[in-house]
Amino acid sequence: MPGIVVDRLCIDFPLYHGQSRSLKRQVGKTLARFAPSSPSAHLMHDLRERTIVSVLREISFTLNSGERLGLIGSNGAGKTTLLRALAGIYEPVAGRVQLDGTMRTLLDSSLGMNPELTGRENIRLKGRYEGLSRQQIERIEQDVQDFAELGPYMDMPMKVYSAGMSVRLAFGLATASSPQILLMDEWFLAGDGVFMNKAKARLEELVQQAEILVLSTHQPKIMRQWCTRVIWLENGHIRMDGTPDEVLDVYLEEAG
Ligand SMILES: Nc1ncnc2c1ncn2[C@@H]1O[C@H](COP(=O)(O)OP(=O)(O)OP(=O)(O)O)[C@@H](O)[C@H]1O
């Protein structure tokens, strides 16, 4: 059974900056005028006197099959960092993350594509990397080709694609097969127009098929529609964890 366990997870980033100590002093001075929970609380020194941004602190939760979690919080609260930690992109400085099940991420538009290769070659490479059979790769190739509607560009290097073309291909590929665990950032809900309507329909299908969803978005409507649970992050802590209605009602009231 797929599942996610996050246990006292902490994520820090060292600030590699020649002036990082004076940077901290400067930022601290500026932000001290704002609320005590302002982001200045994130900045601290480690044992070697380097400035550290402490982004996630002691985050714990468990997700079981069937749970669809929405992450909400103001800019800089730590939502993307948490998604990246779940995806294994960031290593915890303390605590642990355990994921059981096949996982796919829809976190940024590039999705690890090689610009020197054609769209088709990128699809094949990714398929082989994921250990798929030839038939599976051929099926995905056809599916992406139909979805992205790139015509002859499918066989041209991606470096000659327009930004929109790259998005079509990357999105089509990322949503071509359904994982047990789907990690998704708001970026994939942005945009409008004909392509986005088509993309949303495809995304909805994928979300319905995934056994566990973790979605970061600033759109409460989407959250109430897609999620069974919401975690509100505030300055790297869990402020509230409950049903979408419970959390969003308080969150939206506070946001004014
Ligand atoms: N690589 C990094 N190095 C230093 N600080 C970082 C790094 N990545 C993120 N941060 C900091 O971590 C904090 C949380 O960032 P994160 O992107 O997770 O927030 P978020 O909740 O997703 O925000 P938003 O809603 O604006 O996307 C921010 O203060 C950000 O500046």
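Structural notes, computed from the coordinates. Quick caveat, the model's predicted, so the values are computed rather than measured. (Residues numbered from 1 in each chain as written. Predicted model: local features only at pLDDT ≥ 70, side-chain atom pairs only at ≥ 80, totals over all residues. Heavy atoms only, no water.)

## As for the overall build of the protein
Spelled out, the test is: Each helix is a run of H or I in the DSSP string that is no shorter than four residues. Each strand is a run of E no shorter than two, and both are numbered from the N terminus. Only protein chains enter the calculation, and the probe is 1.4 Å; a residue is then buried if its accessible area is under 20% of its type maximum, exposed if over 50%, and partly exposed in between. Whether two residues are in contact is decided by their heavy atoms, any of which lying within 4.5 Å being enough. Every accessible area reported is derived by Shrake-Rupley at a probe size of 1.4 Å, with residue values counting cover from the shown protein chains alone.
Secondary structure assignment for the protein yields eight helices and 10 strands. Out of the 256 residues belonging to the protein, those deemed buried represent 41%. Contacts in the protein between residues at least 24 apart in sequence constitute 71% of all its contacts with a sequence separation of at least 6. By element, 51% of the accessible surface of the protein is carried by carbon and sulfur atoms, the whole surface being about 13400 Å².

## Structural notes on helix α8 (residues 244-255)
Note the threshold: Multiply 1.5 Å by the residue count of a helix minus one, and that product is the helix's expected span.
The terminal C-alpha atoms of α8, which comprises 12 residues, lie 16 Å apart, in line with the 16 Å expected from a rise of 1.5 Å per residue. In this structure, the buried side of α8 is in contact with β4 (68-72), α7 (220-226), β9 (229-234) and β10 (237-242). Within two residues after α8, glycine 256 carries a phi angle of roughly 80°, on the positive side.

## Quick look at the site of the ligand
Note the threshold: If even one non-hydrogen atom of a residue comes within 4 Å of a molecule or strand, that residue is called near it. Counting of polar contacts relies on pairs of N or O atoms within 3.5 Å, with two restrictions inside protein: one atom must be capable of donating a hydrogen and the other of accepting it, and residues adjacent in sequence are counted only when both atoms are side-chain atoms.
Taken together, Phe13, Val55, Ser74, Asn75, Gly76, Ala77, Gly78, Lys79, Thr80, Thr81 and His218 are the residues near the ligand. At 2.9 Å, a side-chain N or O of asparagine 75 approaches an oxygen atom of the ligand. Between an oxygen atom of the ligand and a side-chain N or O atom of threonine 80, the distance comes to 2.7 Å. Contact with the protein chains covers 63% of the free accessible surface of the ligand, which is 630 Å². Sort the elements by how many residues they give to the shell around the ligand and helix α2 (residues 79-86) lands first, with three residues.

## Considering the side chain of arginine 104
Looking at where arginine 104 falls in the secondary structure, it is placed in strand β6 (residues 103-106). Separated by 3.2 Å, the side chains of arginine 104 and glutamate 130 make a polar contact. Within the local environment of arginine 104, its side chain forms a polar contact with the side chain of serine 177, the two groups lying 3.0 Å apart. Setting aside its immediate chain neighbours within four residues, arginine 104 contacts Glu130, Leu173, Ala174, Ser177, Pro179, Ile181, Leu182 and Leu183.

## What to know about the pairing of β4
The side chains of a regular strand alternate between the sheet's two faces. For the record, the criterion: A pair of strands is labelled paired if DSSP reports no fewer than 2 bridges between them.
Counted residue by residue, β4 has five buried out of five residues, so it is predominantly covered. On β4, burial covers both faces: Arg68, Gly70 and Ile72 on one face and Leu69 and Leu71 on the other are all buried. Sheet topology note: the β4/strand β8 (residues 212-216) ladder contains four bridges and is parallel. Looking at the pairing, leucine 71 lines up with serine 216 of β8.

## Regarding a nonpolar patch on the surface
So the rule is basically this: Only residues whose relative accessible area exceeds 30% and that take part in no salt bridge are eligible for patches, with like-charged residues grouped when within 9 Å of each other and nonpolar side chains (Val, Leu, Ile, Met, Phe, Trp, Tyr) grouped when within 5 Å. Should a side-chain nitrogen of Lys or Arg be within 4 Å of a carboxyl oxygen of Asp or Glu, the pair is scored as a salt bridge.
Taken together, the side chains of Tyr153, Met156 and Val160 define a hydrophobic patch exposed on the protein surface, amounting to about 220 Å² of accessible area. Structurally, the position occupied by valine 160 is in the loop between α4 (134-148) and α5 (163-174). On the basis of relative accessible area, valine 160 is assigned to the partly exposed category, the value being 43%.

## What to know about the sheet that holds β10
Let me state the cut-off plainly: Fitting a line to C-alpha atoms yields each axis, with helices limited to the stretch in contact; the angle taken between N-to-C directions then spans 0 to 180 degrees.
Pairing within the open sheet is mixed, and its six strands lie in the order β6-β7-β8-β4-β9-β10. Single-partner strands in this sheet number two, and they are β6 and β10. Along the sheet, successive strands turn relative to each other by an average axial angle of 15°, direction set aside. Along the sheet, α2 makes contact with β4, β6, β7 (181-185), β8 and β9, crossing β7 at roughly 150°.

## Here we look at the packing of α4 against α5
Short version of the rule: Small angles under 35 degrees read as roughly parallel and large ones over 145 as roughly antiparallel, with 65 to 115 read as roughly perpendicular and the rest as oblique. The sense of a crossing depends on the near helix, which, turned anticlockwise from the far helix by less than a right angle, makes the crossing left-handed and, turned clockwise, makes it right-handed.
Packing of α4 against α5 brings their axes to within 9 Å, and their N-to-C directions diverge by 140°. What the angle tells us is that α4 and α5 run oblique. As α4 packs across α5, the resulting crossing turns out to be right-handed. On α5, the residues that touch Ile140, Val144, Phe147 and Ala148 of α4 are Arg168, Leu169, Phe171, Gly172 and Leu173.

## Let's talk about the pattern of salt bridges
Throughout the structure, instances matching the rule amount to 16 salt bridges. Residues glutamate 116 and lysine 159 are paired through a salt bridge, measuring 3.0 Å at the closest nitrogen-oxygen approach. Of the two residues, glutamate 116 sits in the loop between β6 and α3 (119-129) while lysine 159 sits in the loop between α4 and α5, which places them 43 residues apart along the sequence. The burial state of glutamate 116 is the same as that of lysine 159; both residues are exposed. For glutamate 234, the salt bridge is made with arginine 239, and the minimal N-O distance between the two is 2.9 Å.

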